[in-house]
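Structural description and commentary
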Amino acid sequence: MNKHEVWMQRALDLSLLGAGRVAPNPLVGCVIIKNDQIIGEGWHQAYGQAHAEVNAIQSLAHQEDAQGASVYVSLEPCSHTGKTPPCADLLIKSKVKEVFICNLDPNPLVAGKGIEKLKAAGIQVEQGILEEKGGIINRHFFTFHQKKRPYITLKWASSLDGFIAQENGKPVTFSNKPSQTLVHQMRTQHQGILVGVNTIIQDNPQLNVRLWTGNNPIRIVLDPHNRIPKNSQVLQDGQPTWIFTQDVQVDDGPYQWFALGENYQIKDILNLAYAKGLISILVEGGTKTLMAFLQSGLVDEVWKQEKNILLGKGIPAPNYKLTWGNGRKIGEDNVWYQADLS
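Residues numbered from 1 in each chain as written. Predicted model: local features only at pLDDT ≥ 70, side-chain atom pairs only at ≥ 80, totals over all residues. Heavy atoms only, no water.

Moving on to the overall build of the protein chain. Across its full length, the protein chain carries 10 helices and 17 strands. For 342 residues, the compact-globule formula gives about 20 Å, and the C-alpha radius of gyration of the protein chain, at 22 Å, lands near that figure. A burial count over the protein chain gives 51% of its 342 residues as buried. A sequence separation of at least 24 residues applies to 70% of the contacts in the protein chain between residues at least 6 apart. Put simply, the protein chain shows about 16,000 Å² of open surface, and 48% of that area lies on carbon and sulfur atoms. In the protein chain, the 33 positive side-chain charges and the 32 negative ones have mean positions that sit 2 Å from each other. (Helix = DSSP H or I, 4+ residues; strand = E, 2+ residues; numbered from the N terminus. Rg over C-alpha atoms; globule rule 2.2 N^0.38 Å. Buried < 20%, exposed > 50% of the residue type's maximum accessible area, 1.4 Å probe, protein only. Contact = heavy atoms within 4.5 Å. Areas by Shrake-Rupley, 256 points an atom, 1.4 Å probe, with all protein chains shown as cover. Lys, Arg positive; Asp, Glu negative; His and termini not counted. Charge placed at Lys NZ, Arg CZ, Asp CG, Glu CD.)

Structural data, given as structure tokens:
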């Protein structure tokens, strides 16, 4: 790595400290360098709070130390007023000498305008440093703006012989504590979590975050014929829950029913989620729902958790051609991963 990549890697590492708290904003880190030394750094810590550049400037021993400094930021500084003032304006006011950027911001409100502001003020700008790494970190945010839909992650757990539940639909515990923790971490990193109504009927899950620190995702239930039991846990705790039906439309505080019409498709679900600003959804099952997403061609990554037990019979896991090239052990479980399904 050259020195620019070293400092940008530090900015990328800092950005990850905001995981699970900043959506729908992107993950951003910022490092301020002078005389080849870090004199300030920061990251976007939570949605609605100060951006990475602001936190980095505020971390300086003296605000005037920013004058003539080099700034490494993992995403193009914003140029518009949203929850916070424009970061490009702050860097200009701070009289930094140069700004190194990992990725351009695909948000139409920014999309190069931040760079234009910096250059117009006489600040040197270089972009594209560790661009691929930055794209992976902010893949949810980029997909939302570039493909006009939420980023979709599928996840399921199964036995070694490929069953996700007993024949009668009753659940089987496939997770150990470490792999359960991984799932809850994944939940914090997605804005929505989606299941079919059969999962609610059979498992009565909470679909929240209990084993990791971060925000609870919005729960989404696919329920065409409005069969969800009124005593379901997802309708008891006051957390936002969306139920997608064919013809029921109800607004009951945090619980909302949406009528999407007869035979609604996956694209209809994603169109509504996009319109509501949901940048990512974790789909947890069951098999019918998972297969519908896989067959839609609108899936970005898939995780399979495999426990070293044999059921012999039961409800089979999704039967779809996937190449499990990335795997690791978590306790006694195997966890497999595949991305870029297009």
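There is more to say, and it comes next.
This brings us to the pattern of salt bridges. For the structure on display, the rule yields 10 salt bridges. Of the charged contacts in the structure, one is a salt bridge between Glu 306 and Lys 304, with a shortest N-O distance of 3.5 Å. When sorted by exposure, Glu 306 lands in the same class as Lys 304, which is buried. (Salt bridge = Lys/Arg side-chain N within 4 Å of Asp/Glu carboxyl O.)

Right, let's get into the sheet that holds strand β11 (residues 250–252). Pairing in this open sheet of 10 strands is mixed, and the strands run β11-β12-β10-β9-β8-β13-β6-β14-β17-β16 from one edge to the other. With one partner strand each, in any of the chains shown, β11 and β16 (326–330) form the two edges of the open sheet. Adjacent strand axes in the sheet meet at a mean angle of 20 degrees, parallel and antiparallel pairs treated alike. Both β16 and strand β17 (residues 333–339) contribute to a ladder of 5 bridges, which runs antiparallel. Directly across from Asn 326, in β17, lies its bridge partner Tyr 337. (Pairing = 2+ DSSP bridges. Axes fitted to C-alpha atoms, helices over the stretch in contact; angles between N-to-C directions.)

Scanning the entire structure with this criterion turns up 7 aromatic pairs. When the centroid spacing of 6.2 Å and the interplanar angle of 55 degrees are considered together, the rings of Phe 141 and Phe 142 count as tilted. Across the pair, exposure class does not vary: Phe 141 and Phe 142 are buried alike. Measuring from centroid to centroid gives 4.7 Å for Phe 144 and Tyr 274, while their planes differ by 40 degrees, and the two rings are tilted. In this pair, Phe 144 is assigned in helix α6 (residues 139–147) and Tyr 274 in helix α9 (residues 266–275), connecting sequence segments 130 residues apart. Taking the relative accessible area as the measure of exposure, Phe 144 reaches 9% and is therefore buried. Sitting over the face of the ring of Trp 242, Lys 276 holds its NZ or CZ atom 5.8 Å from the ring centroid. (Phe/Tyr/Trp six-rings, centres within 6.5 Å; stacked < 30°, edge-to-face > 60°. Lys NZ or Arg CZ within 6 Å of the ring centre and 35° of its normal.)

Looking now at helix α10 (residues 287–296). In an α-helix, one turn spans 3.6 residues, which is why side chains three or four residues apart end up on the same side. Within α10 the residues assigned to the buried category are Thr 287, Thr 289, Leu 290, Met 291, Phe 293 and Leu 294. Once α10 ends, the next one or two residues include Gly 297, with phi positive near 75 degrees.

Moving on to the sheet that holds strand β3 (residues 70–75). Backbone hydrogen bonds hold the strands of a sheet together, and the pairing may be parallel or antiparallel. Within the open sheet, the 5 strands sit side by side as β2-β1-β3-β4-β5. Their pairing is mixed. Both outer strands of the open sheet, β2 (37–43) and β5 (124–127), are each paired with one neighbouring strand and no more. Averaged over all pairs of adjacent strands, the angle between strand axes in this sheet comes to 15 degrees, irrespective of strand direction. Pairing of strand β1 (residues 29–34) with β3, which is carried by 4 bridges, proceeds in the antiparallel orientation. Of the residues in β3, the one forming a bridge with Val 31 is Tyr 72.

This part covers unusual backbone geometry. Cis geometry is found at the peptide bond from Ala 23 to Pro 24, where omega equals 10 degrees. Structurally, Pro 24 can be placed in the loop between α1 (3–15) and β1. One non-glycine residue, Asp 36, adopts positive backbone phi at about 60 degrees. Considering the arrangement of structural elements, one finds Asp 36 in the loop between β1 and β2.

Let's shift gears to the side chain of Asp 333. Along the chain, the position of Asp 333 falls in strand β17. For Asp 333, a relative accessible area of 0% gives the class buried. Side chain to side chain, Asp 333 and Gln 305 meet in a polar contact 3.5 Å long. (Polar contact = N/O pair within 3.5 Å; in protein donor to acceptor, adjacent residues only side chain to side chain.)

With that settled, consider the side chain of Gln 191. With respect to the helices, strands and loops of the structure, Gln 191 is situated in the loop between α7 (177–188) and β8 (192–196). Apart from the residues lying within four places of it in its own chain, the contact partners of Gln 191 are Ala 23, Pro 24, Pro 217, Ile 218, Gly 277, Leu 278, Ile 279 and Ser 280.

With that out of the way, let us pick up the nonpolar core. Judged by nonpolar contacts, the single largest core of 29 residues is most densely connected at Leu 154, Phe 244, Ile 281 and Phe 293. Of all the secondary-structure elements, those providing two or more residues to this core are β6 (151–159), β7 (163–165), β9 (218–222), β10 (241–245), α9, β13 (280–285) and α10. Element by element, the count of residues in this core is highest for α9, at 5 residues. Those residues in contact with Phe 244, other than ones at most four positions away along the chain, are Ile 220, Val 221, Leu 222, Asp 223, Pro 224, Phe 258, Leu 260, Tyr 264, Ile 269 and Leu 272. Listed in part, the 22 residues of the second largest apolar core include Ile 57, Ala 66, Val 99 and Phe 141. (Core = buried A, V, L, I, M, F, W, Y, C linked by side-chain atoms within 4.5 Å.)

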